[in-house]
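What follows is the residue order along each chain.
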There are 2 protein chains.
Amino acid sequence: MDLEAKKKVLRSFTYGLYVLTARDGEEYAAGTVNWVTQASFQPPLIALGVKRDSRLHALIGRTGRLALMTLAADQKAIAQDFFKPTVQEGGALNGHPFVPSPTFGLPLLTELPYWLEAEVRHLYEGGDHSLVVAEVVEAGVRHEARPLVMGDTGWFYGG
Amino acid sequence: MDLEAKKKVLRSFTYGLYVLTARDGEEYAAGTVNWVTQASFQPPLIALGVKRDSRLHALIGRTGRLALMTLAADQKAIAQDFFKPTVQEGGALNGHPFVPSPTFGLPLLTELPYWLEAEVRHLYEGGDHSLVVAEVVEAGVRHEARPLVMGDTGWFYGG
């Protein structure tokens, strides 16, 4: 295989940027992710690539639950804050306030415009990231916003 | 669940646009898709949502092989041509010339800048679309181009 071409082709894929969260009791995990897609209308499934050696992966695997929020076009700095290890302090994760989600009590960052809660239906562990397939059980819109598009950030995660 | 919010949140996801092709002997299928993400670096896996009642789904299921091409920002009209049923005529699919891919002989549209061939590793049939996980086995770049971003087309497929 032409590895340089493979990298370029995979980097031609378009992504948004999202903050993924999980929680098991008092243990919290949150991270910025981009390997996200819808996977079915009925039932409403989403699919996400989650790094296997991450705390998010451990917590999602243990609880079967996750929350996902879409970052707005002007929230690149927030995306950056969730590249760092998760610190929970005084109702905030990495300095950003959160509230518990209605169904599972997962952390929802109140600055982010779009959120959903989902329940894991399937896990495929064939690579260095697991593919998590989850069914959306609740969703909410705090305000309408244009999403942050990875191609506009100058960042890459893929290839 | 708040269904209106669910639709809005799922439509806040960002997508590129791609032409997916498959072939079994003289039978060809090609269609524009957007539910696509990388799913692993090592091995290089991609994941795609493919409509279960489509010919693409049947051919990919039967052969375990697919080709995927990224549409460039100025190729919205080509994306539109592959919303229609597949017609193969004189070395063209829906009027667009193709060549066989090097490994599997799948149709590669020569106008599209980025292509890959992949072999199916896993299929999850939990919804109205199957989630196809496939390993990239070959890839190529015809020319460098900015990808077509769904948010810029005014189209939606999701919600």
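Being a predicted model, the structure only gives us computed values, none of them experimental.

A.B. asks: Describe the overall build of chain A, and please don't skip the residues or the numbers.
C.D. replies: The secondary structure content of chain A amounts to three helices and eleven strands. For chain A, the succession of helices and strands along the chain, N to C, is α-β-β-β-β-α-β-α-β-β-β-β-β-β. Overall, chain A is about 50 × 35 × 30 Å in size when its C-alpha atoms are taken along their principal axes. Burial statistics for chain A: of 159 residues in total, 48% are counted as buried. Relative to all contacts within chain A whose residues are 6 or more apart in sequence, the contacts with residues 24 or more apart total 64%.

A.B. asks: Now, about the relation of the copies chain A and chain B: what can you tell me, with residues and values included?
C.D. replies: Superposing chain A onto chain B requires a rotation of 180 degrees together with a translation of 0.0 Å along the rotation axis, leaving an RMSD of 0.0 Å. In short, the pair behaves as if placed about a two-fold rotation axis. Residues of chain A ranked by C-alpha distance from the rotation axis are headed by Tyr15(A), positioned 2.9 Å from it. A high fraction, 100%, of the interface residues of chain A reappear at the interface in chain B, so the copies pair face to face through one surface.

A.B. asks: Could you give me a rundown of the pairing of strand S8 (residues 96-100) of chain A, with the residues and numbers involved?
C.D. replies: Residue and element names in this part refer to chain A. In terms of strand pairing, strand S7 (residues 92-93) meets S8 through two bridges, oriented antiparallel. By the bridge assignment for S8, Leu-93 is matched with His-96. Connecting the antiparallel pair S7 and S8 is a turn made up of two residues, with Asn-94 showing a positive phi of about 50 degrees. With three bridges joining them, S8 and strand S9 (residues 107-109) adopt antiparallel strand pairing.

A.B. asks: Could you give an account of the interface of chain A and chain B, with specific residues and numbers?
C.D. replies: With 48 residues of chain A at the contact, the number on the chain B side is 48 residues. Elements that contribute at least two residues to the side of chain A that touches chain B include exactly helix H1 (3-11), strand S3 (36-40), strand S4 (45-51), strand S10 (114-124) and strand S11 (129-141) of chain A. With nine residues, the single largest contributor to the side of chain A that touches chain B is S11(A). Residues that form the side of chain A that touches chain B fall into these classes: 26 nonpolar, 16 polar and six charged.

A.B. asks: Break down the pairing of S10(A) for me, citing the residues and quoting the values.
C.D. replies: All names here are of chain A. Taken together, the six bridges between strand S5 (residues 65-70) and S10 define a ladder with antiparallel strand orientation. Considered in S10, the bridge of Leu-66 is made with Ala-118. Pairing between S10 and S11: ten bridges, direction antiparallel. Residue pairing for S11: His-122 is matched across the bridge by Val-133. Connecting S10 to the next strand, S11, in antiparallel fashion are four residues.

A.B. asks: Please set out the nonpolar core residue by residue, giving values where relevant.
C.D. replies: A general trend in soluble globular proteins is that nonpolar side chains are found buried together. If you look at the biggest cluster of nonpolar residues, it comprises 105 residues, and the most contacted ones within it are Ala47(A), Met69(A), Ala47(B) and Met69(B). Excluding its chain neighbours within four sequence positions, the residues that come into contact with Met69(B) are Tyr18(B), Val19(B), Leu108(B), Leu109(B), Leu112(B), Tyr114(B) and Trp115(B).

A.B. asks: Which residues make up unusual backbone geometry, and what values do they have?
C.D. replies: Residue and element names in this part refer to chain A. Residue Gln-42 is joined to Pro-43 through a cis peptide bond whose omega torsion reads -5 degrees. Along the polypeptide, Pro-43 turns up in the loop between S3 and S4. Phi is positive for Asn-94, which is not a glycine, with a value near 50 degrees. In this fold, Asn-94 is placed in the loop between S7 and S8. For Asn-94, a count of 21 C-beta atoms within 10 Å corresponds to the buried category.

A.B. asks: So what about the sheet that holds S10(A)? Which residues, and what values?
C.D. replies: Residues and elements named next belong to chain A. Read from one edge of the open sheet, seven strands run S2-S1-S5-S10-S11-S4-S3, paired in antiparallel fashion. A single partner strand is all that each edge strand has here, and the edge strands are strand S2 (27-33) and S3. Strand-to-strand twist across the sheet, computed as the mean angle between neighbouring axes with direction ignored, equals 35 degrees. Pairing between strand S1 (residues 18-24) and S2: seven bridges, direction antiparallel. Note on S2: the bridge partner recorded for Thr-21 is Ala-30. Lying on the sheet, helix H2 (residues 55-63) is in contact with S1, S2, S4, S5, S10 and S11; it crosses S1 at an angle near 55 degrees.

A.B. asks: Break down the environment of Leu48(A) for me, with residues and values.
C.D. replies: You can see Leu48(A) is positioned in strand S4. If sequence neighbours within four positions are ignored, Leu48(A) has contacts with Leu20(A), Val33(A), Trp35(A), Val36(A) and Val132(A).

A.B. asks: Give a description of the sheet that holds strand S10 (residues 114-124) of chain B that names residues and reports values.
C.D. replies: Judged by pairing direction, the sheet is antiparallel, and its seven strands sit side by side in the order S2-S1-S5-S10-S11-S4-S3 (chain B) without closing on themselves. With one partner strand each, in any of the chains shown, strand S2 (27-33) and strand S3 (36-40) of chain B form the two edges of the open sheet. Within the sheet, the average angular offset between the axes of one strand and its neighbour, ignoring direction, is 35 degrees. Its contacts with the sheet put H1(A) on S3, strand S5 (65-70), S10 and strand S11 (129-141) of chain B, and the angle it makes with S11(B) is roughly 135 degrees. Packed onto the sheet, helix H2 (residues 55-63) of chain B meets strand S1 (18-24), S2, strand S4 (45-51), S5, S10 and S11 of chain B and runs at close to 55 degrees relative to S1(B).

Criteria and cut-off values
Residues numbered from 1 in each chain as written. Chains lettered and ligands numbered in written order. Predicted model: local features only at pLDDT ≥ 70, side-chain atom pairs only at ≥ 80, totals over all residues. Helix = DSSP H or I, 4+ residues; strand = E, 2+ residues; numbered from the N terminus. Buried ≥ 20, exposed ≤ 12 C-beta atoms within 10 Å, placed from the backbone. Contact = placed C-beta atoms within 7 Å. Least-squares fit on C-alpha atoms with pLDDT ≥ 70 in both. Pairing = 2+ DSSP bridges. Nonpolar A, V, L, I, M, F, W, Y, C, P; charged D, E, K, R; others polar. Core = buried A, V, L, I, M, F, W, Y, C linked by C-beta atoms within 7 Å. Axes fitted to C-alpha atoms, helices over the stretch in contact; angles between N-to-C directions.

These values are about where atoms sit, not about what they do.
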